[in-house]
Amino acid sequence: MYALGKFTNIDLDYRVYISSGLGMTVSFIGNYLWTFKHGTNPSSKKVKAIKFIINHPHPPKFIGFICNYPKSSRYIELNSLKKLLNVKKNKSEFVAVLVKPNNEILEEIKNLPFDYYQLYDCTPDEIKTIRQKYQKKIITAITIKNESDVLVHNSFVDVTDVYLFDSKGYEKSQSFDHNLIKNMKLNKELMLAGNIKFDDNLKNYEKIANYLDLSGGLETSGLKDTSKIDIFLNNLNKLKNET
């Protein structure tokens, strides 16, 4: 999810982001009811899952798809990805989640209906090249353990649209100390990840982030749980209506 004004993000076997107009958007990362494996085709249950999110009364701003990181159970093989993306987005935007992408994967997905690329482990020059060549908006992921990690964001100011501050756990849904970024002043929107739960008090994030990014917090036994997603999106909408 994202925070305050755009407020939601969801990850299925891809990543989903949701915006509620609160100034915060939340993103969920996970495998929403299923986990894609190499070579599998999206089942009718998987297609129904993404349609559940897209057609929710309070849908996410973004939906993210893990495109090139097989270490994650949420990774989607290319053929499955193409079939899964063959849906009407409605009010959501699609995000390709990419870890140090090479030219091969970038060429393979260039004609897929992605609005943003979310990039991990890329240099500013690499992001600049990707941004210019593929004409995508960029979410730059910066993994955080200590204060020196936070300062890295200064190097990306000219090549990013949204900063994502995440833990160094990657696929493991680990947390980091959010106080490290609590008083940051940025000229870009900020997305926050790191073991955020579906039933957290969302007011705790309003002054920290523009967006929240959820993953394991929306899962039960390693799979995305529609009841948790529904609770989260409804809570987000309640907060929106209170402000």
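Remember, predicted model here, so these are calculated numbers, not experimental data. (Residues numbered from 1 in each chain as written. Predicted model: local features only at pLDDT ≥ 70, side-chain atom pairs only at ≥ 80, totals over all residues. Heavy atoms only, no water.)

K.L.:
Which parts of the structure should I look at to understand the overall build of the protein?
P.N.:
Regarding its fold elements, the protein presents 6 helices and 13 strands. Out of the 243 residues in the protein, the part that is buried amounts to 56%. Taking the contacts inside the protein whose residues are at least 6 apart along the sequence as the reference set, 56% of them involve residues at least 24 apart. Split by element, the accessible area of the protein, about 10700 Å² in all, is 45% carbon and sulfur. (Helix = DSSP H or I, 4+ residues; strand = E, 2+ residues; numbered from the N terminus. Buried < 20%, exposed > 50% of the residue type's maximum accessible area, 1.4 Å probe, protein only. Contact = heavy atoms within 4.5 Å. Areas by Shrake-Rupley, 256 points an atom, 1.4 Å probe, with all protein chains shown as cover.)

K.L.:
Honestly, the pairing of strand S7 (residues 116-120) in this entry has me stumped. Any pointers?
P.N.:
Consecutive side chains of a regular strand alternate in pointing toward one face of the sheet and then the other. Within S7, 5 of the 5 residues are buried, which leaves the element mostly enclosed by the surrounding structure. Of the two faces of S7, the one holding Tyr-116, Gln-118 and Tyr-120 and the one holding Tyr-117 and Leu-119 are both buried throughout. Note on the crossover from strand S6 (residues 93-99) through helix H3 (residues 103-109) to S7: the handedness is right-handed. For S7 and strand S8 (residues 137-144), the ladder comprises 4 bridges, and the chain directions are parallel. Paired with Gln-118 across the two strands is Ile-139, which belongs to S8. (Right-handed = clockwise from strand over helix to strand, strands pointing away. Pairing = 2+ DSSP bridges.)

K.L.:
I tried to follow the packing of aromatic side chains on my own but got confused; where do I start?
P.N.:
Two aromatic rings, taken as a pair, are described by how far apart their centres are and by the angle between their planes. Under the criterion given, the structure shown has 6 aromatic pairs. Between Tyr-117 and Tyr-134, the ring centres sit 6.4 Å apart and the planes meet at 50°, which makes this aromatic pair tilted. One end of the pair, Tyr-117, is in strand S7; the other, Tyr-134, is in helix H4 (residues 124-134), and 17 residues separate them in sequence. Ring geometry for Tyr-163 versus Phe-165: centroids 6.1 Å apart, planes at 35°, classification tilted. For the residue pair Tyr-163 and Phe-165, the accessibility class agrees, reading buried in each case. Grouped by ring-pair contacts, the aromatic residues Phe-62, Tyr-116 and Tyr-211 constitute a single cluster. (Phe/Tyr/Trp six-rings, centres within 6.5 Å; stacked < 30°, edge-to-face > 60°.)

K.L.:
How should I be thinking about the pairing of strand S10 (residues 189-193) in this particular structure?
P.N.:
Counting buried positions over the 5 residues of S10 gives 4, a clear majority of the element. In terms of strand pairing, strand S9 (residues 162-167) meets S10 through 4 bridges, oriented parallel. Considered in S10, the bridge of Phe-165 is made with Leu-192. Examined bridge by bridge, S10 and strand S11 (residues 211-214) share 3 bridges and lie parallel to one another. Paired with Met-191 across the strands is Tyr-211, a residue of S11.

K.L.:
Got a minute to help me understand the nonpolar core in this structure?
P.N.:
When a protein is soluble and globular, its nonpolar side chains tend to lie buried together. Ranked by size, the top nonpolar core spans 52 residues in total, and within it Phe-65, Phe-114, Tyr-117 and Leu-192 carry the most contacts. For this core, the leading source of residues is helix H6 (residues 226-242), giving 5 residues. Setting aside chain neighbours within four positions, we find Phe-114 in contact with Phe-65, Cys-67, Leu-81, Leu-85, Phe-94, Val-95, Ala-96, Ile-109 and Lys-136. (Core = buried A, V, L, I, M, F, W, Y, C linked by side-chain atoms within 4.5 Å.)

K.L.:
What am I meant to see in the pattern of salt bridges here?
P.N.:
Pairs may arise between side chains of opposite charge once their charged atoms sit close together. One pass over the structure, following the stated rule, counts 7 salt bridges. For Asp-115, the salt bridge is made with Lys-89, and the minimal N-O distance between the two is 2.9 Å. Of this pair, Asp-115 sits in the loop between H3 and S7 while Lys-89 is found in the loop between helix H2 (78-84) and S6, placing the two residues 26 residues apart along the sequence. Each of Glu-107, Lys-110 and Lys-133 takes part in one network of salt bridges that share partners. (Salt bridge = Lys/Arg side-chain N within 4 Å of Asp/Glu carboxyl O.)

K.L.:
Before we go on, may I ask you to explain the confidence of the model for the protein in this structure?
P.N.:
With 78% of its residues at a pLDDT of 70 or more, the protein shows a mean pLDDT of 79. Note that residues 1-26 has pLDDT below 50 and, in this model, 239 contacts with residues that lie over four places away or in other chains. Confidence drops under a pLDDT of 50 for residues 28-40, and excluding neighbours within four residues, the segment shows 92 contacts in the predicted structure. (pLDDT = per-residue confidence, 0-100.)

K.L.:
Just to check I follow, could you spell out the side chain of Arg-74 for this structure?
P.N.:
With respect to the helices, strands and loops of the structure, Arg-74 is situated in the loop between strand S5 (62-66) and H2. Looking at Arg-74, its side chain comes within polar contact range of the side chain of Glu-219, at 2.8 Å. (Polar contact = N/O pair within 3.5 Å; in protein donor to acceptor, adjacent residues only side chain to side chain.)

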